[in-house]
There are 2 protein chains.
Amino acid sequence: MSRPESARGTSDPSRDVASAKGGAHFSSGPGGFRCTVESYFDVKTVDQARDILLKAWKVKPLDIEEVHITAAAGRVLARDILACEDVPPFARSTVDGYAVMAKDTFGATEALPAILEIVEDIRMGAMPEKNLLSGQAARIPTGGSLPCGADACVMIEHTDLLDDRTVLVKKPVAPGENVIHKGEDVTSGETLLLTGRVLRAFEIGALAALGHVTVPVFRRPRVAILSTGDEIVPPDKSPGPGQIRDINTYSLAASALSCGAIPITLGISSDTYEDVRQPLEEALDTADLLVVSGGSSVGTRDVVVQVISDLGPPGVLVHGVALKPGKPAILGICRDKPVFGLPGHPVSALTVFSLFVKPAVVRLYEKSSASTAHNTRQGSETAFDLHFDFLSREKTVMARLSRNISSAPGREDHIRVRLRLENGEFWADPVLGKSGLISTLVKSHGEVVIPLEYEGLKAGSLVEVRLT
Amino acid sequence: MSRPESARGTSDPSRDVASAKGGAHFSSGPGGFRCTVESYFDVKTVDQARDILLKAWKVKPLDIEEVHITAAAGRVLARDILACEDVPPFARSTVDGYAVMAKDTFGATEALPAILEIVEDIRMGAMPEKNLLSGQAARIPTGGSLPCGADACVMIEHTDLLDDRTVLVKKPVAPGENVIHKGEDVTSGETLLLTGRVLRAFEIGALAALGHVTVPVFRRPRVAILSTGDEIVPPDKSPGPGQIRDINTYSLAASALSCGAIPITLGISSDTYEDVRQPLEEALDTADLLVVSGGSSVGTRDVVVQVISDLGPPGVLVHGVALKPGKPAILGICRDKPVFGLPGHPVSALTVFSLFVKPAVVRLYEKSSASTAHNTRQGSETAFDLHFDFLSREKTVMARLSRNISSAPGREDHIRVRLRLENGEFWADPVLGKSGLISTLVKSHGEVVIPLEYEGLKAGSLVEVRLT
């Protein structure tokens, strides 16, 4: 993507102030203001912009690390897990009752029960001592090991004791009934879990069952976060005249954590080229993705564009997205790492993060999985695709819109809403307010997206609210 | 809730084997088996059981701890957050343009623009140096501080420069237009966040804006987890004959983490009364909730019932729930702490955990919030109710069922399903298999709940799949 010469050189104080039709903008350099045409402000839809970034990105797969099973929840599996043994390792009863030969019970009824000799009390955690012969039964608890010769279990409820050594079976069982066979759950050699699986409680349980106390997972992607702006001070400082506290470092770090990444906070830089470039250049060595939340003025955006271009190639890929809030978003790639220029407004910054940075984190996991799995996988199962979808899927609820919302066609609008429950139904009240207000954020429970092609939504419409 | 004498005294070897209509069961003591009537097996619905537990529980509020803002995401706010200053601390422009007196622009048009003298270039992070007089304008970037005298900002797009000192304004602005007033976002003294709020990226941002570098949050509830069963060995040990590895400690610990609690793993105990009682009794000193995953046999359940009863009062409140899988669930309270007896089957254990333990964790946060908020809150806002709902809400997707599922009326059935995407629509394939199989867990994406009053669901029905 090319930028005209006029957008460059914000550090060149000799350039004259210029004004042009089609939207002039100006930048605040050390000495004052400068207007440049914004014809390079070549606005893309959200989907186009994301596609451009993800297609241009040559993903370097994440390294693999071993973590203890108690720290593995939520991590992404980095190798296929094969079973080295049968689960269960022996045939087990699924009921409290009697292990029997099924054929001994055929035809048994309440009136004409099968009469079996009790030859053993099988204990949990021990193997049966005797082989079962025809006409015999062994008491067995749920989970107990079936004796040799037995092929089914009778539930205690379908028996009566005649005496201590004799049981009456009042209902027949089929061979295999109430039994989990050796290897029925998992057969030795079987692939139980595929690379790329997000480890939930279930997978953790399966890993424990197979004796995996440490688990190979992908290193978490590192997201470097820089706040820029001459007016920004750290939150523990009292803002002086004209200053405000840094919000985005903290809200974006929390967002990074929530999508399986580790935030690396780079602090605050001024709006000058060198102050923005230096921390980003250093972060390129250690981070997997870089996020700069700009000052809100065009001047700062120009600096960020310039730095991303110079740190490339390819540098800036997208500048401007048909999105509200978040139009001035910048997407680029430097040294095979995605770099995101986010608006300074906290609401806009978070919207752009969730639409572009989060999918990039998911893509990094996906590509890492695909590259690792390639050598070991035979089959065509791609369970992980779906699981990644879930990783990135937000919780949603359906609600009725309480008032009309208008939207400019050709732009994707994200409207913050507050939910209330009325007669068992959710109603979504749009939270109005200028986009820089943090109070609109904390009052809202989520957002409603008005797609590109819509001019708005009517009061009473059923809408999907993405809880955020 | 009373239990007949016959359910007690599993350690009494003199008790005779007994059998009774209505479902006999037997217990495996050190010496062998014993049958007892199960009339105390007074089965409740899931909702009844949860109500009984939560109503009987005298919740002791969680302590409050201070955490750094970078570690506060996902935690629960333990004090109301009042603003000690205005946000923003000064009137700011929301556009790149010119600060003006609105009245100077009234009537301005493209053909007949207002002509204003540019008296200052306002810099980010600094206060304007001059007071604005009628007929004057000051260049201002987005976020810049409004000069005294100005009451609106004109967007750069609606201006032309005549010369370096003179701007033509081609469109009128109303007073307050393109300005965020001092304190418009948050007014000093206002309560911004209420106790009980779950801290998302937004709240983290709001806390940073107000200068809160540390945040008062509730201590995470501690969930003690004990696996019982003579046949259970740790996952790093090779199971001997008749033995299997401990699954539940690890899958339940992962579940505890996912609902905002800290797991305390107590290890594995044998099925004997003393071995179960001792670790639970010790854990009552430190844990907030206790979970015992039983061996699957009735014998172990009897021991767990006995221990919970003896550690009370009130001890066991519910034994048996109209639920599949998970019928043998035990709910009790000992020394004001909920104690849960979970079935040994991994699938059943996780189902019971999510239906009873997780809501108890949420209740603990809710009650802690209510007790803390009581003294400081005047209003009736209870935003936290909804937020807690979200804390405990699972992600769901709608899907079509690919085959009929039958269910016994009077029982809530949880059916594990695997999702597939076909022509843009999710289909849910029931994952069949005995309830002890871990392979059914890892193959599934979630579960479909068939309520009490249903006899099943037809193929093609639209069902809500709870992703787990």
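These lines cover the structure that appears in this document, whether it is placed above or below. (Residues numbered from 1 in each chain as written. Chains lettered and ligands numbered in written order. Predicted model: local features only at pLDDT ≥ 70, side-chain atom pairs only at ≥ 80, totals over all residues. Heavy atoms only, no water.)

1. With respect to the overall build of chain A
The secondary structure content of chain A amounts to eight helices and 30 strands. When burial is assessed residue by residue, chain A has 58% of its 468 residues classed as buried. For chain A, contacts bridging at least 24 residues in sequence account for 71% of all contacts bridging at least 6. Surface accessibility of chain A: about 18,300 Å² in total, with carbon and sulfur atoms responsible for 51%. (Helix = DSSP H or I, 4+ residues; strand = E, 2+ residues; numbered from the N terminus. Buried < 20%, exposed > 50% of the residue type's maximum accessible area, 1.4 Å probe, protein only. Contact = heavy atoms within 4.5 Å. Areas by Shrake-Rupley, 256 points an atom, 1.4 Å probe, with all protein chains shown as cover.)

2. Focus: the sheet that holds strand 10 (residues 159-163) of chain B
Residues and elements named next belong to chain B. What the six strands build is an open sheet, ordered 9-6-8-7-11-10; its pairing is mixed. The open sheet is flanked by strand 9 (152-155) and strand 10, the only strands paired with a single partner. Strand-to-strand twist in this sheet, taken as the mean axis angle between neighbours without regard to direction, amounts to 40 degrees. Sheet topology note: the strand 10/strand 11 (residues 166-169) ladder contains four bridges and is antiparallel. Paired with Asp160 across the bridge in strand 11 is Leu168. (Pairing = 2+ DSSP bridges. Axes fitted to C-alpha atoms, helices over the stretch in contact; angles between N-to-C directions.)

3. Focus on the sheet that holds strand 20 (residues 314-319) of chain B
All names here are of chain B. Strand order in the open sheet formed by six strands is 18-15-19-23-22-20, with mixed pairing between adjacent strands. Two strands in the sheet have a free side with no partner beyond their single neighbour: strand 18 (262-269) and strand 20. The sheet shows a mean angle of 20 degrees between the axes of neighbouring strands, direction not considered. Across five bridges, the pairing between strand 15 (residues 222-228) and strand 19 (residues 289-293) is parallel.

4. Observations concerning unusual backbone geometry
A cis amide bond links B:Val87 with the next residue in sequence, B:Pro88, at an omega value of -10 degrees. Residue B:Pro325 is bonded to the preceding B:Lys324 through a cis peptide linkage, with omega at 0 degrees. You can see B:Pro325 is positioned in the loop between strand 21 (323-324) and strand 22 (330-334). Backbone geometry at A:Asn423 places phi at a positive 50 degrees, although glycine is not the residue there. Mapped onto the elements of the fold, A:Asn423 is located in the loop between strand 26 (412-422) and strand 27 (425-430).

5. Re helix 4 (residues 248-258) of chain B
Residues and elements named next belong to chain B. Most of helix 4 sits out of view: nine of its eleven residues are buried. Along helix 4, the residues classified as buried are Asn248, Thr249, Tyr250, Ser251, Leu252, Ala253, Ala254, Ser255 and Ala256. Phi for Gly260, located one or two positions after helix 4, is positive at around 80 degrees.

So far we have only geometry, and geometry alone does not tell us how the molecule works.
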